[in-house]
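Here is what each chain is made of, one letter per residue.
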Amino acid sequence: MTKVKYIPTNCRFCGYQCGLIAQVEQDRAVAVEPDPTRYPGEERVMRGCRRWRQAVEVMDHPQRVNYPLKRVGERGSGKWQRISWEQALDEIAAKLNDLKVQYGPETLATSIGAPHTSYWPLHRFMALFGSPNNMGIGQICWNPGILINTLTFGWPIDMELVPNHTACVLLWGVNPAESDNSLLWHTICEFSREGNPLIVVDPRRTRTAERATLWLPVRPGTDAYLALGILHVIIAEGWYDKTFVKTRCHGFDYLVEHVQSYEPSLVESITGVEADKIIEAARIFSQSTPASLLSGRGIDQLGKNSVPTHRALAILRAITGNIDMPGASHLNEMPDFIPEIDLELSEQFFITYCEKQLGKDRLVLQSYQGYERMRKLTAQHAKRLPMRYLTSAHPNLVWQAMITGKPYPIRSLIVMASNPLLTQADTHLVYKALQSLDLLVVLELFQTPTSMLADYVLPSAGILERPLMETKAGTANLAYGGQQAVHPYYERRPDFDFWKGLGMRLGQEEYWPWESFRESLEACLSPAGITWEEFCETGVYDQPNRYIKHEEVNPLTGKPVGFATSSGKVELYSEFLAELGCDPLPNPQPLIEISKEYPLQLISGARFQPYYASSFRQLNTLRAVHPEPWAEMSAVTAKKLGLEEGYPIWVETERGKARFKVKIAQMRDEVISVEYGWWYPEIPGAEPILGGLWISNANILTDGDFDSSDSLIGTWTYNGLPCRVRKV
Ligand SMILES: Nc1nc2c(c(=O)[nH]1)N[C@H]1C(S)=C(S)[C@@H](COP(=O)(O)OP(=O)(O)OC[C@H]3O[C@@H](n4cnc5c(=O)[nH]c(N)nc54)[C@H](O)[C@@H]3O)O[C@H]1N2
Ligand SMILES: Nc1nc2c(c(=O)[nH]1)N[C@H]1C(S)=C(S)[C@@H](COP(=O)(O)OP(=O)(O)OC[C@H]3O[C@@H](n4cnc5c(=O)[nH]c(N)nc54)[C@H](O)[C@@H]3O)O[C@H]1N2
Ligand code: SF4
Ligand SMILES: [Mo]
């Protein structure tokens, strides 16, 4: 009789890593069930999620990559030869060595995406190899909030929603109903069911906005005006927290003067949000204590307007006294375990590569100099941000360097857990860049349009096959994860093994002391005083939050510690930015104007279930739920364009065109919202089709141009792009 084991493990189809129990027979997973005893400890999360049920199907899916593959024939021809891991690693290491000798270490770039896997082994390898050219999506995901909150409050903050305590929730450019089937979303649902004030700022009446007591359908890209309008009302009415402003905020007088002109009527004319709704939002948010604010990609992807919007929202939190208050927000702490920055080794080695960072002379924050400046602030409270995400290369400059060889040649790329042909801006540019390379290596679970162009595709161990430990990149004292349920199937390996294997071949032996990924995680946890087994039991390491830390007394000075900023206070007026010659107060930047030719505004990538970016289109069960890509528009807009629900259309921008089906939705008029990440794994995977890459891919329509992106962080624009629509 075969022995059946039930192993506590985790889902890995999104960042939450919910607890699962895997039923395992002879080292094969045969079934999975939610494990509500482990993180996140909530049955509702998994009940509402379709993905985890596919865990067993994914293990043996016919399109999984199971063995190391080497390209034979032309790039993209779809002809592969199976080779051993040893051969793959030897050949890749040798080629990288040759390229390094010829062009310098900066000739190697890497590409990462959303947090699908542990990225620190890649960062560690790159630090030791000597290249600054890791690119990700930080400029339009995560970094704007992290950097702006740090320079305003001295460290990143998390929003908090505490049942029966939080009095108001404001969701700004975020749609957890589709993007975040987490405990937070279920708590928001309950909060709104109980009749509490929920304000949602979004051009679309999303499933999140449907629950709102007040929906502000802002014109895409004009959020900074709206936030300044709300600040204007709060200040004019005297609705701010006078004690907190007086004792803990810097530059209130400048702010008062700055927001004076943002009268609700003016703001209405720019944002399209009615003046009385602006006043109502200001009143509710400021008069409810504690009030909680969460923002999302809606404002992280506004090009030059992302920074002023984040700054205005940080100020809104501050003058209403919602900083480091239970039920409003928590100013995070450094981890007890080894923080990401030390795993990366980036501090130790950055001198060897920071000079080569592309675009460093323009980027005030998202650069090594920027990092150094921020570190001077956070060091006051003995904190260090992770370096590699916050200094990652601007993708547009990397693609250009591949194609033109300027300012120096980038001849090789290793792609891990990302699919840049679908998820980076300007697919034509990315395609041209990938085609130009001497070496393209892709670490993947599945064949994707990106991997189809590779020289080597290496099989990664995914869900159920590898240990997990995620942290908020070392910006908080929280880690979660657990053990693998089975050994990797076929010849798949954890991504860590690839980086270690390559490092061992390239002179990095002393920096890879751990036998396995699991051993490295164990070492990482040890300063926190917990073993790997203890960690796996609950699936989480965290500590009770401390609040109002700015009032704690420093025993050396006898004074409150305040905030780790230039002034020691919350910087409404940013001395830090002023010193760098940047706007110390939030100033909205000119919008990308629509024209006669492109009269509509495009949102290129709002989230939707059951997919995650370009992932999961190959899973039939999920595909049946959502078989085709939609372009949403209001009934008024559709009528004006002569369209009806279900019509196939081309959405066009200056960059190109992509095909979608019309879906009538409640949203602002004159706005089109297309789904992103669409390709067709069922279509043959060779050139020129590349899995249907060129049909409905939203990033054919976008542009990540460096010079027109924001000069602090390098944020480009995904929301509010001029576009037009044509019937197919
Ligand atoms: N137009 C537009 N573009 C956008 C956005 C937008 O809103 N609009 N959003 C941007 C944002 S915020 C993000 S985060 C990015 C997301 O961009 P990506 O992270 O590139 O998106 P995914 O499609 O999730 O690609 C992940 C790939 O990793 C593979 N994978 C999963 N787990 C593992 C693993 O453990 N190891 C390895 N080696 N591979 C694994 C999956 O099979 C999948 O092919 O897209 C960005 N692009
Ligand atoms: N199902 C699913 N879940 C995901 C992902 C996925 O691809 N699919 N991706 C994951 C990743 S990588 C991320 S970063 C998160 C993102 O999570 P969210 O931030 O929730 O993601 P989005 O849906 O892109 O954006 C939120 C909202 O911003 C609105 N918006 C667009 N333009 C504007 C604007 O100009 N102003 C304002 N105020 N709002 C605007 C959109 O209509 C959208 O409803 O989700 C994660 N979860
Ligand atoms: S929310 Fe769903 S997809 Fe994400 S980890 Fe949990 S079960 Fe998996
Ligand atoms: Mo993201």
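What counts and what doesn't
Numbering of residues starts from 1 in each chain and follows the order in which that chain's sequence is written. Note on labels: chains are lettered from A, ligands numbered from 1, in written order. For this predicted model, a pLDDT threshold of at least 70 governs which residues receive local features, and a threshold of 80 or more governs which side-chain atom pairs are given and counted, while totals over whole chains, interfaces and linings are taken from all residues. Values shown for side chains rest on all heavy atoms present in the structure; no hydrogens or waters enter the calculation. By convention in these notes, a residue is near a molecule or strand provided one of its non-hydrogen atoms lies within 4 Å of it. Three residue categories are used. Nonpolar comprises Ala, Val, Leu, Ile, Met, Phe, Trp, Tyr, Cys and Pro, charged comprises Asp, Glu, Lys and Arg, and polar comprises the others, including Gly. Inter-axis angles, ranging from 0 to 180 degrees, are taken between N-to-C directions of lines fitted to C-alpha atoms, where helices are fitted over the stretch in contact. Secondary structure follows DSSP: runs of H or I at least 4 residues long count as helices, runs of E at least 2 residues long count as strands, and numbering of each begins at the N terminus. An angle below 35 degrees is treated as roughly parallel, one above 145 as roughly antiparallel, one from 65 to 115 as roughly perpendicular, and anything else as oblique. A clockwise turn of the near helix away from the far one marks a right-handed crossing, whereas an anticlockwise turn of less than a right angle marks a left-handed crossing. Whether two residues touch is decided by their heavy atoms; if any such pair falls within 4.5 Å, the residues are in contact. For this analysis, a polar contact is any N or O atom pair within 3.5 Å, provided that within protein one partner can donate a hydrogen and the other can accept it, and provided that sequence-adjacent residues contribute only side-chain to side-chain pairs. Note on areas: Shrake-Rupley with a 1.4 Å probe; residue coverage comes only from the protein chains shown. Domain start and stop positions are those given by an automatic or database domain assignment. Two rings from Phe, Tyr or Trp (for Trp, the six-membered ring) form a pair when their centres are within 6.5 Å of each other. A pair whose planes differ by under 30 degrees is stacked, one over 60 is edge-to-face, and the rest are tilted.

(A) Layout of the site of ligand 3. Lining the immediate surroundings of ligand 3 are Cys11, Phe13, Cys14, Gln17, Cys18, Met46, Cys49, Arg51 and Trp52. Broken down by class, the residue content of the shell around ligand 3 amounts to seven nonpolar, one polar and one charged.

(B) Structural detail: the packing of helix α8 (residues 223–236) against helix α10 (residues 252–259). Close contact between α8 and α10 brings their axes to 9 Å; oriented N to C, the two are set at 115°. Judged by the angle between their axes, α8 and α10 are roughly perpendicular. For the pair α8 and α10, the crossing hand works out as left-handed. Only Phe252, Leu255, Val256, His258 and Val259 of α10 make contact with α8, whose side of the interface consists of Leu228, Leu231, His232 and Ile235. Here the residues of the contact of α8 with α10 are counted per class, giving seven nonpolar, two polar and no charged.

(C) The arrangement of the site of ligand 2 in detail. Around ligand 2 lies a shell of 32 residues, among which Ser179, Asp202, Asp223, Arg297 and Ala613 are the nearest. A distance of 2.6 Å separates an oxygen atom of ligand 2 from a polar side-chain atom of Asp202. Within the side chain of Asn719, an N or O atom sits 3.3 Å from a nitrogen atom of ligand 2. Protein chains bury 94% of the 910 Å² of accessible surface belonging to ligand 2 in isolation. Split into classes, the residues belonging to the shell around ligand 2 amount to 15 nonpolar, 10 polar and seven charged. Both domain 3 (157–331 + 569–579) and domain 4 (600–727) contribute no fewer than three residues apiece to the shell around ligand 2.

(D) Examining the packing of aromatic side chains more closely. Applying the stated criterion to the full structure yields 27 aromatic pairs. When the centroid spacing of 6.0 Å and the interplanar angle of 70° are considered together, the rings of Tyr67 and Tyr490 count as edge-to-face. With Tyr67 in the loop between α2 (55–59) and β4 (69–71) and Tyr490 in the loop between β19 (478–482) and α21 (495–505), this residue pair connects regions lying 423 residues apart in the sequence. Arranged with centres 6.1 Å apart and planes meeting at 85°, the rings of Phe337 and Tyr541 form a pair that is edge-to-face.

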